[in-house]
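# Structural overview for review
The primary structure of each chain is shown beneath.
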Amino acid sequence: MTPAWFFGRHPLMKIILLTGNLLLTAQFVEQLVALLQSDEYREVFPDVEILDASTNRINFRSRQEPRGERGRLTTMSVLRAAQGVGANLLLSDDLISEQEANSKEQKDKIWERYQSGIVTRLAPDWNRQVVVATRWARDDPLGRMRAQGFESESPDPWEVLKVPAILTRDQADDLNAVAQKDPIFRAELDVDRVQLLQAGGTCAPERMSQAFIDRQRDSLPAEQFSALYMQAPSP
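Residues numbered from 1 in each chain as written. Predicted model: local features only at pLDDT ≥ 70, side-chain atom pairs only at ≥ 80, totals over all residues. Heavy atoms only, no water.

### Points about the overall build of the protein chain
Defined as follows: Numbering of helices and strands starts at the N terminus; helices are DSSP runs of H or I of at least 4 residues and strands are runs of E of at least 2. Computation of the radius of gyration draws on C-alpha atoms alone. For the globule rule, the value is 2.2 Å times the number of residues to the power 0.38. Each residue's exposure class comes from its accessible area (1.4 Å probe, protein chains only) as a fraction of the maximum for that residue type: buried when under 20%, exposed when over 50%, partly exposed otherwise. We call two residues in contact whenever any of their non-hydrogen atoms come within 4.5 Å of each other. Computed with the Shrake-Rupley method and a 1.4 Å probe, the accessible areas treat only the protein chains shown as cover for residues.
Across its full length, the protein chain carries nine helices and six strands. In terms of overall dimensions, the protein chain is globule-like: its C-alpha atoms have a radius of gyration of 20 Å, near the 18 Å expected for 235 residues. Each principal axis of the C-alpha distribution contributes one length, and for the protein chain these read about 55 × 50 × 40 Å. The buried share of the protein chain, reckoned over its 235 residues, is 37%. In the protein chain, the proportion of contacts linking residues at least 24 apart, taken out of those at least 6 apart, comes to 64%. Summing over all exposed atoms, the protein chain offers an accessible surface of approximately 14,100 Å²; the carbon and sulfur share of this is 50%.

In structure tokens:
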């Protein structure tokens, strides 16, 4: 999990996990706390210590840092963000639902809140964003973020990793290149415990067979399959 790795490498940083719906965040925090307390995690990052945790926040510290210095993860909804919370790392997960994608008013509301109430919380000295989403509409938050990058005179700040259910050659090559930067993946690849992705195959062969994707394509409306499985939303 990205927050767990980030905690271990940057124990004084602040993280915001931003979602479109808070119902799943309590479960996420519970799973993250369990990971941070696991023997496997402590073997890699022995100095990370949880100070306290609730359903929407984890405070932690490194035993190598002076007492009183701490990091923090806070979860919040894009439309119900907590006041006075800043971050170095902003993780955004599915800021709109399929239903909201059909409403221009709702998309505009979420986008305005993201720009004025969320991005402004990022620390000016060092910050990063990671955005994960199903592309339900071309003018969803991801689409608008990319449009901003294209319209700016500065270089596009986003590195985009598109993961459709069925991969083209370029997509398979891009995903394989990213995976092979991970030493654990390379070690597993060397002993044939994992395989590189193939053009024309699915993005997760161990979870989604070609037959499953074919069934979904046959049973779903074309625009829904294109958005949900191919990350290619209709206008």
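So, next bit.
### Details of the environment of proline 141
Looking at the element boundaries, proline 141 is found in helix 5 (residues 141–151). As for proline 141 and glutamine 216, which are separated by 75 residues in sequence, their C-alpha atoms are 26 Å apart. For proline 141, the contacting residues outside a window of four places in its chain are Leu95, Ile96, Ile110 and Trp111.

### Quick word on the sheet that holds strand 6 (residues 128–132)
Here is the rule we go by: Should DSSP find at least two bridges between two strands, the strands are taken to pair. Throughout, an axis means a line fitted to C-alpha atoms (over the contacting stretch in the case of helices), and angles, computed between N-to-C directions, take values from 0 to 180 degrees.
Strands sit in the order 2-3-4-1-5-6 across an open sheet of six strands; the sheet is mixed. Strands at the two margins of the open sheet, each flanked by one partner only, are strand 2 (48–53) and strand 6. Averaged over all pairs of adjacent strands, the angle between their axes in this sheet comes to 20°, without regard to strand direction. Across five bridges, strand 5 (residues 89–93) lies against strand 6 in parallel orientation. Of the residues in strand 6, the one forming a bridge with leucine 89 is arginine 128. Against the sheet, helix 2 (residues 25–36) touches strand 1 (14–19), strand 2, strand 3 (57–62) and strand 4 (71–77), its axis set at about 160° to strand 4. Along the sheet face, helix 4 (residues 104–118) touches strand 1, strand 4, strand 5 and strand 6 and points at about 165° away from the line of strand 5.

### Considering the nonpolar core
In globular proteins that are soluble, nonpolar side chains generally tend to be buried together. Definition in use: Here the nonpolar core consists of buried residues drawn from Ala, Val, Leu, Ile, Met, Phe, Trp, Tyr and Cys, with membership extended through side-chain atoms lying within 4.5 Å.
Within the largest apolar cluster, 19 residues are counted, with the highest numbers of intra-cluster contacts made by Ile16, Leu18, Val78, Leu90, Leu95, Tyr114 and Ile118. Listed by contribution, the elements that provide at least two residues to this core are strand 1 and helix 4. Contact partners of valine 78, with chain neighbours within four places excluded, come to Leu18, Thr19, Gly20, Leu95, Ile110, Arg113, Tyr114 and Ile118. Listed in part, the 18 residues of the second largest apolar core include Phe7, Ile15, Val48 and Ile58.

### Describing a nonpolar patch on the surface
Basically, it comes down to this: Put simply, a patch holds well-exposed residues, over 30% relative accessible area, that have no salt bridge, with like charges counted together within 9 Å and Val, Leu, Ile, Met, Phe, Trp or Tyr side chains within 5 Å. By definition, a salt bridge exists where a carboxyl oxygen of Asp or Glu is found within 4 Å of a side-chain nitrogen of Lys or Arg.
On the surface, a nonpolar cluster with roughly 220 Å² of combined accessible area is contributed by Leu161, Val163 and Val178. Relative to the elements of secondary structure, leucine 161 occurs in the loop between helix 5 and helix 6 (169–179). For leucine 161, a relative accessible area of 47% translates into the label partly exposed.

### Describing empty space enclosed by the protein
Short version of the rule: Site definitions follow a grid-based scheme: protein atoms alone, a 1 Å grid, a 1.4 Å probe that fits but cannot get out for cavities, and for pockets an open set with protein on both sides within 12 Å along at least five of seven lines, plus lining residues having an atom within 4 Å of a point. Grid points are joined across faces, edges and corners, and a volume is the space filled by probe spheres set on the points.
Applying the stated criterion to the full structure yields one cavity of 30 Å³ or more. Each pocket or cavity is described by its volume, and for the largest cavity that value is around 60 Å³. If you trace the largest cavity, you find 13 residues lining it, with Leu95, Val131, Ala133, Pro141 and Leu142 closest to the centre. Contributions of two or more residues to the lining of the largest cavity are made by strand 5, strand 6 and helix 5. No other element matches helix 5, which puts three residues into the lining of the largest cavity.

### Some details on the layout of surface pockets
Where we set the bar: Each residue receives one of three labels: charged for Asp, Glu, Lys and Arg, nonpolar for Ala, Val, Leu, Ile, Met, Phe, Trp, Tyr, Cys and Pro, and polar for the others, Gly being one of them.
Within this model, the second largest pocket holds a volume of roughly 520 Å³. Contributing elements (two or more residues each) for the lining of the second largest pocket: helix 1 (2–9), strand 1, helix 2, strand 5 and strand 6. When residues of the lining of the second largest pocket are assigned to their parent elements, the largest contribution, three residues, is made by strand 5. Looking at side-chain class alone, the lining of the second largest pocket contains ten nonpolar, seven polar and three charged residues.

### Regarding the packing of helix 1 against helix 2
Spelled out, the test is: Working definition: roughly parallel below 35 degrees, roughly antiparallel above 145 degrees, roughly perpendicular at 65 to 115 degrees, and oblique for all remaining angles. Crossing handedness: left-handed means the near helix sits turned counterclockwise from the far one by under a right angle, and right-handed means the same turn made clockwise.
Where helix 1 contacts helix 2, the two axes come as close as 10 Å, and the packing angle between them is 45°. The angle between helix 1 and helix 2 places the two elements in the oblique class. Considering the relative orientation of helix 1 and helix 2, their crossing is right-handed. Contacts between helix 1 and helix 2 pair Pro3, Ala4 and Phe7 from the former with Phe28, Leu32, Leu35 and Leu36 from the latter. Here the contact of helix 1 with helix 2 is built from residues that sort into seven nonpolar, no polar and no charged.

Keep in mind that these numbers describe shape and distance, not what the molecule does.
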